[in-house]
Amino acid sequence: MAYIEPAPIKDKENPLESMMERFNIAAEKLGLSDEVYSVLKNPAKQVIVSLPITMDNGKIKVFEGIRVVHSNILGPAKGGIRFAPDVHIDEVRALAAWMTWKCAVVDIPYGGGKGGVRCNPREMSKGEIERLMRAYTLAMIDVFGPDKDIPAPDMGTGPREMAWLMDEYSKAHGTTVNAVVTGKPLVLGGSLGRTEATGRGVMVSALAAMEKLKINPFQATCVVQGFGNVGSWAAQLLEERGLKIVSISDISGAYYNSNGINIQEAIKFRNENNGILEGFHGAEKLSSANELFELEVDVLVPAAVEDVITKKNVDKIKAKLIVEGANGPTSFNADKIINEKGIMVVPDILANAGGVTVSYFEWVQNRLGYKWTAERVNRRSDRIMKEAFDHVYHASVKYNVPMRIAAYIVAIDKVAQTYQYRGGY
Ligand code: GLU
């Protein structure tokens, strides 16, 4: 029988509530009017579809597909598509709103959106994933568009899935439309520098924060939680800038080496080992993956999923600086203790915005029909990240608030002002 699996009950704090709590604080500091508050609080569009897919065993399985456009005030919605077993509408709503704030913080002309399909791509064949991606695209054919809503990769999806999306969308329109999606393979109009862009932005914002904290990168130690695209690139680029990466982790566990882990070796091992670090010999395996949060280091980079720093473990954190490669890795309930402990946080909507920044460059190149060099992409994205960091830092001084609230203030202010100019009905 065909059925949709119910969303699992999560042992997580609700990311939507975490997002809203910060939004409320920033809105109050900013003196946002009630009218604009209610416009920005509610997602502009929410689409939920059922996707019947014939699995390799011949049976039909129905998947739930979601796309939320939080806002299109600054421009077309922008944001990734997540394929994961625990996709939930509240999570997608939070992630969509974070995209709105993220694009506003780095000052690119996009609103925010996010998509998700509840599935476990690790247990699916390539053919099953392709059929699911194409069915999802067709179901969202009126939602997506280069001037409406531009998807990209997120957890569980990558360039391969974006290629299928572009192809399906193009077939339905009878013409090749490569600007409908970013994070594509290079040959399909992907941008140089896009793969490493999020990790690179994490590195740029970590170095900017270290300068403020007077931490010398060549004497600094760092932990990176999560070794997917964002974590592995952030680790590699931070290592290149002099930091000693003493611990990394992925779904197989956490690995520690007090002399520093050779990140190139770890990436090579992961690539040759089904994408996981299990059995990696360049470090000892910690008895529990959570131990990595308790290590005495200068910099902690959570680069995996939401809600890994919560009221349950925040007391034990000893890092001086947290740079959020993931979206929503710190729950709202942990913020207060982090602030009391004097830990600086470069928040997700700033720290991981390098990805969407280079997505924007990809879209610009597609529309120009022209390709930029990697040097141009990196130089421009580094500049945007550094300017955004400085902007948020100044707001944190001006409003006397932590960097996270300052980032929300910068973002909400921009979106609210734009809304007021554009006007409503
Ligand atoms: N999924 C990424 C993010 O959360 C990238 C989004 C994009 O490039 O549109 O920022």
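So, here's what we can say about the structure.

Rules of the game
Residues numbered from 1 in each chain as written. Predicted model: local features only at pLDDT ≥ 70, side-chain atom pairs only at ≥ 80, totals over all residues. Heavy atoms only, no water. Helix = DSSP H or I, 4+ residues; strand = E, 2+ residues; numbered from the N terminus. Rg over C-alpha atoms; globule rule 2.2 N^0.38 Å. Buried < 20%, exposed > 50% of the residue type's maximum accessible area, 1.4 Å probe, protein only. Contact = heavy atoms within 4.5 Å. Areas by Shrake-Rupley, 256 points an atom, 1.4 Å probe, with all protein chains shown as cover. Expected span 1.5 Å × (residues − 1). Pairing = 2+ DSSP bridges. Core = buried A, V, L, I, M, F, W, Y, C linked by side-chain atoms within 4.5 Å. Axes fitted to C-alpha atoms, helices over the stretch in contact; angles between N-to-C directions. Near = heavy atom within 4 Å. Polar contact = N/O pair within 3.5 Å; in protein donor to acceptor, adjacent residues only side chain to side chain. Salt bridge = Lys/Arg side-chain N within 4 Å of Asp/Glu carboxyl O.

### Quick word on the overall build of the protein
Looking only at helices and strands, the protein features 13 helices and 12 strands. For 425 residues, the compact-globule formula gives about 22 Å, and the C-alpha radius of gyration of the protein, at 21 Å, lands near that figure. Across its three principal axes, the protein shows a C-alpha extent of roughly 55 × 55 × 45 Å. In the protein, which comprises 425 residues, the share counted as buried stands at 58%. A separation of at least 24 residues holds for 69% of the contacts in the protein among residues at least 6 apart in sequence. When the accessible surface of the protein is summed, it comes to about 17,900 Å², and 51% of that surface belongs to carbon and sulfur atoms.

### A few points about helix 11 (residues 354-368)
Look at helix 11: 21 Å from first C-alpha to last across 15 residues, which is about the 21 Å you get at 1.5 Å a residue. Looking at the residues trailing helix 11, positive phi occurs at Gly369, about 65 degrees.

### Topic: the sheet that holds strand 7 (residues 244-250)
Spatially, 9-8-7-6-10-11-12 is the arrangement adopted by the seven strands of the open sheet, whose pairing is mixed. Every other strand in the sheet has two partners, leaving strand 9 (284-285) and strand 12 (344-346) as the edge strands with one partner each. As paired strands, strand 6 (residues 221-225) and strand 7 are joined by five bridges and run parallel to one another. Note that in strand 7 the partner of Thr221 across the bridge is Lys244.

### Section: the nonpolar core
If you look at the biggest cluster of nonpolar residues, it comprises 92 residues, and the most contacted ones within it are Met19, Leu40, Trp101 and Ile248. Sort the elements by how many residues they give to this core and helix 13 (residues 403-422) lands first, with 11 residues. The contacts of Leu40, once residues within four sequence positions are left out, are Phe23, Leu32, His70, Ile73, Trp101, Ile412, Val415 and Ala416. Judged by nonpolar contacts, the second largest core, of 27 residues, contains Phe83, Met133, Ile141 and Phe144.

### Some details on the sheet that holds strand 1 (residues 45-54)
Taken in spatial order, the five strands make up an open sheet running 1-2-4-3-5, and their pairing is mixed. Strands at the two margins of the open sheet, each flanked by one partner only, are strand 1 and strand 5 (149-153). Adjacent strand axes in the sheet meet at a mean angle of 20 degrees, parallel and antiparallel pairs treated alike. Pairing analysis gives 10 bridges linking strand 1 to strand 2 (residues 60-71), with the strands arranged antiparallel. By the bridge assignment, Pro52 is partnered in strand 2 with Val62.

### Re the site of the ligand
Looking at the ligand, there are 14 residues lining it, with Lys78, Lys102, Pro153, Asp154 and Ser359 nearest. In this structure, Lys114 approaches the ligand through a side-chain N or O atom, which is 3.0 Å from an oxygen atom. At 2.9 Å, a backbone N or O of Pro153 approaches a nitrogen atom of the ligand. Summarising the interface, the protein chains cover 94% of the accessible area of the ligand, which totals 290 Å² for the free molecule. Listed by contribution, the elements that provide at least two residues to the shell around the ligand are strand 3 (77-84), helix 3 (89-105), strand 5 and helix 11.

### Structural notes on the pairing of strand 10 (residues 299-302)
Burial of strand 10 is two-sided: the residues Val299 and Val301 facing one way and the residues Leu300 and Pro302 facing the other way are all buried. Two strands pair when backbone bridges link them, and strand 6 and strand 10 are joined in this way by four bridges, in the parallel orientation. Residue pairing in the sheet places Cys222 in a bridge with Val299 of strand 10.

### Let's talk about the pattern of salt bridges
According to the stated counting rule, one finds 29 salt bridges in the structure shown. Residue Glu306 is joined to Arg82 by a salt bridge in which the shortest nitrogen-to-oxygen separation is 2.7 Å. Remark: Arg82 occurs in strand 3 and Glu306 occurs in the loop between strand 10 and strand 11 (321-323); sequence separation between them is 224 residues. By the burial criterion, Glu306 is buried, and Arg82 matches it. Asp167 is paired through a salt bridge with Arg134; the nearest N and O atoms lie 2.8 Å apart.

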